[in-house]
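Geometric and topological summary
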Amino acid sequence: MEQKRASWSGQLAFVLAAAASAIGLGNLWRFPYLAAQYGGGTFILVYLCLVVTLGFTLMLSEIAIGRKTQQSQLTAYNELKGHGGLKLLGLVATIIPVLITPYYCVIGGWVLYYLKAYALMAFTGAAPMGAEAANSGAFFSGFIGAPFAPFGYAMIFILACACVILMGVKNGIEKSNLVMMPILFLMAIAICVYVIFMPGSGEGLKYYLVPNKDAISVNGQFSFALLGKTILGAMGQMFYSLSLAMGIMVTYGSYMKKQDSIERCVRRIEVFDTLIAIIAGLMIIPVVYMFAVKTGTPVKEAMNAGPGLMFITLPKVFATFGAAGAWVGLAFFLLVTFAAATSAISLFEACVASVCDVIKIERKAATFFTTALILFLAVFSALGFGAWGSITLWKMDFLTFFDFITNSVLMPITAAATCIFIGWILKPKAIIDEVEAEGNKFKSKGLYVVMVKYFAPALVIAILVSEVCRALGIGGWKI
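Now for a description of the structure that goes with this document. Predicted model, so just to flag it, every value in this text is computed and none were measured. Throughout, residues of each chain are indexed from 1 in the direction in which the sequence is written. In keeping with the predicted nature of the model, local features appear solely for residues at pLDDT of at least 70, side-chain atom pairs appear and are counted solely at 80 or more, and the whole-chain, interface and lining totals rest on all residues. Side-chain descriptors were evaluated using all non-hydrogen atoms of the structure, hydrogens and water having been removed beforehand.

1. Here's the deal with unusual backbone geometry
As a reminder of what qualifies: The helix and strand labels rest on DSSP assignments: H or I over at least four residues marks a helix, E over at least two residues marks a strand, and numbering proceeds from the N terminus. Only protein chains enter the calculation, and the probe is 1.4 Å; a residue is then buried if its accessible area is under 20% of its type maximum, exposed if over 50%, and partly exposed in between.
A positive phi angle is found at Ala 133, which is not glycine, with a value near 55°. Secondary-structure assignment places Ala 133 in the loop between helix H5 (87-124) and helix H6 (136-144). Residue classification places Ala 133 among the buried residues on the basis of a relative accessible area of 6%. Although it is not a glycine, Glu 438 adopts a positive phi angle of roughly 60°. Here Glu 438 is to be found in the loop between helix H18 (428-435) and helix H19 (445-472). Looking at Glu 438, the relative accessible area reads 60%, which means it is exposed.

Right under this line is the structure:
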């Protein structure tokens, strides 16, 4: 018997859920790094331009496909009338969240471990990382290299997300976002205000927010090469930050009511996501800048990307705050826990919805099956720095490989194929008609048609080429 499809209670619930998906670890550890590397305000301006054009086009397309077909990404493309046979695109779009969710939850487990460590530091005065967090690097490597602990914490994180998914779209995902998103936002604002009013933060704020022409020039001369790297860096961040080509927006769009305006929702999601990204920079860049000046470290070297920034550098920065450092660290990792959880829940739902749609089973059974699969796949990333550290794929550990193959290869391929399909086979009118359903207006119709047919495919292919070159060290790319 076919199940009635779940739906959001309204536009606000959908926007919060989609924004919660977009606001994840990418905003907290990659956006500040890229902003610091590519001229602060210069990078922010480029990023904003891409979000309202390329990001808007890709997100609107995915949401419209989901609502039009009332299916998750695995079956949605094949359901589009008159254009069957797109099972391969749907399959690739489903493989992406299936591969991302396990390693993302492993990182979520790392966050839980640090949350526990800072809780002990705040309430008991313990110093597990040594004086001034001098041993933060050893603390981190010791944990991720442990024989079981990384998987144990990942399992806790996975099961917590599974419980939310098990409760359904309205009672689980929607209600959890109504709790976590306001808390996340308020904590981000509180930490941001604390940082801004710290003595000496002004230079760090200037470094972050004021456009720096060095990102696009060499010895005062404009450089197309540097501009291109800045644009590609911003595109790669936008792609990951907005949860594009992960199946999430197609799935979430399938729960959207016909009377709700897709265009308005997309614009609001962009605002939420970009605001949190900029706030993340305000939380992190000024304090790392002050730390770099204090220790005599070049700022760009101190502002490293990924886990190193969050799990090694920031603990050292928090230690310089004195007695308040443990509490700031506790608040920060609680914020990161919520950000990781909201994104992981979205990825989890994309997997569960696909199982429901293709096998036609109830959510409960689909959740149990998906949870078992994610737990199994998580073992590889969890043990990839410890017991299985000697095993590599293309000279990458398991977690790095899964991240590379999904974010740098499969996601751009899926997005480019989607744009080409909509622009030249299905035709933009099919998406426009869905956006304009129930009398809704589509103010950016002209922009959408031009972007989806011409610019979006070219830009996404450029991301694919640059990311592969960067990962494999080809042509000197290092974004």
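Having seen it, we continue.
2. Quick look at the packing of helix H1 (residues 11-22) against helix H15 (residues 325-359)
What counts here: Only the contacting stretch of a helix is used when fitting its axis, a line to C-alpha atoms as for every element, and angles between N-to-C directions run 0 to 180 degrees. Each angle is binned into one of four classes, with values under 35 degrees roughly parallel, values over 145 roughly antiparallel, values of 65 to 115 roughly perpendicular, and all other values oblique. Any two residues whose heavy atoms approach within 4.5 Å at even a single point are treated as in contact. Basically, the charged four are Asp, Glu, Lys and Arg, the nonpolar ten are Ala, Val, Leu, Ile, Met, Phe, Trp, Tyr, Cys and Pro, and anything else, Gly included, counts as polar.
Packing of H1 against H15 leaves a shortest axis separation of 7 Å and a crossing angle of 105°. Between H1 and H15, the interaxial angle falls into the category roughly perpendicular. For the pair H1 and H15, the contacting residues are Ala 17, Ala 20 and Ser 21 in the first and Thr 342, Ser 343 and Ser 346 in the second. Residues of the contact of H1 with H15, tallied by class, amount to two nonpolar, four polar and no charged.

3. Quick word on the environment of Val 287
You can see Val 287 is positioned in helix H12 (residues 262-295). Overall, the relative accessible area of 3% leaves Val 287 in the buried class.

4. A few points about the packing of aromatic side chains
Applicable threshold: Aromatic rings from Phe, Tyr and Trp, taking only the six-membered ring of Trp, are treated as a pair when their centres fall within 6.5 Å; an angle between ring planes under 30 degrees marks them as stacked, one over 60 as edge-to-face, and anything in between as tilted.
Scanning the entire structure with this criterion turns up 41 aromatic pairs. When the centroid spacing of 5.3 Å and the interplanar angle of 35° are considered together, the rings of Tyr 114 and Phe 333 count as tilted. Of this pair, Tyr 114 sits in helix H5 while Phe 333 is found in helix H15, placing the two residues 219 residues apart along the sequence. Residue Tyr 114 is classed as buried on the basis of its relative accessible area, which comes to 0%. Residues Trp 394 and Phe 401 carry aromatic rings whose centres are separated by 6.1 Å and whose planes lie at 90° to one another, so their mutual orientation is edge-to-face.

5. Concerning the side chain of Ser 254
Counted only if it meets this: The term polar contact refers here to a pair of N or O atoms within 3.5 Å; inside protein, the definition further demands a hydrogen-donor-capable atom paired with an acceptor-capable atom, and it admits residues adjacent in sequence only when both atoms are side-chain atoms.
Along the polypeptide, Ser 254 turns up in helix H11 (residues 248-254). For Ser 254, a relative accessible area of 1% puts it in the buried group. A polar contact of 3.0 Å, which involves the side chain of Ser 254, links it to the side chain of Arg 5. The residues contacting Ser 254, other than those within four sequence positions of it, are Arg 5, Ala 6, Gly 66, Arg 67, Gln 70 and Gln 71.

6. Brief notes about the nonpolar core
Under the convention used in this document: For the purposes of this section, nonpolar cores are sets of buried Ala, Val, Leu, Ile, Met, Phe, Trp, Tyr and Cys residues that join through side-chain atoms within 4.5 Å.
Among the nonpolar cores identified, the biggest contains 181 residues, and Phe 14, Phe 239, Met 283 and Phe 333 are the most heavily contacted of them. Contact partners of Met 283, with chain neighbours within four places excluded, come to Leu 28, Ala 188, Ile 191, Cys 192, Val 195 and Leu 335.

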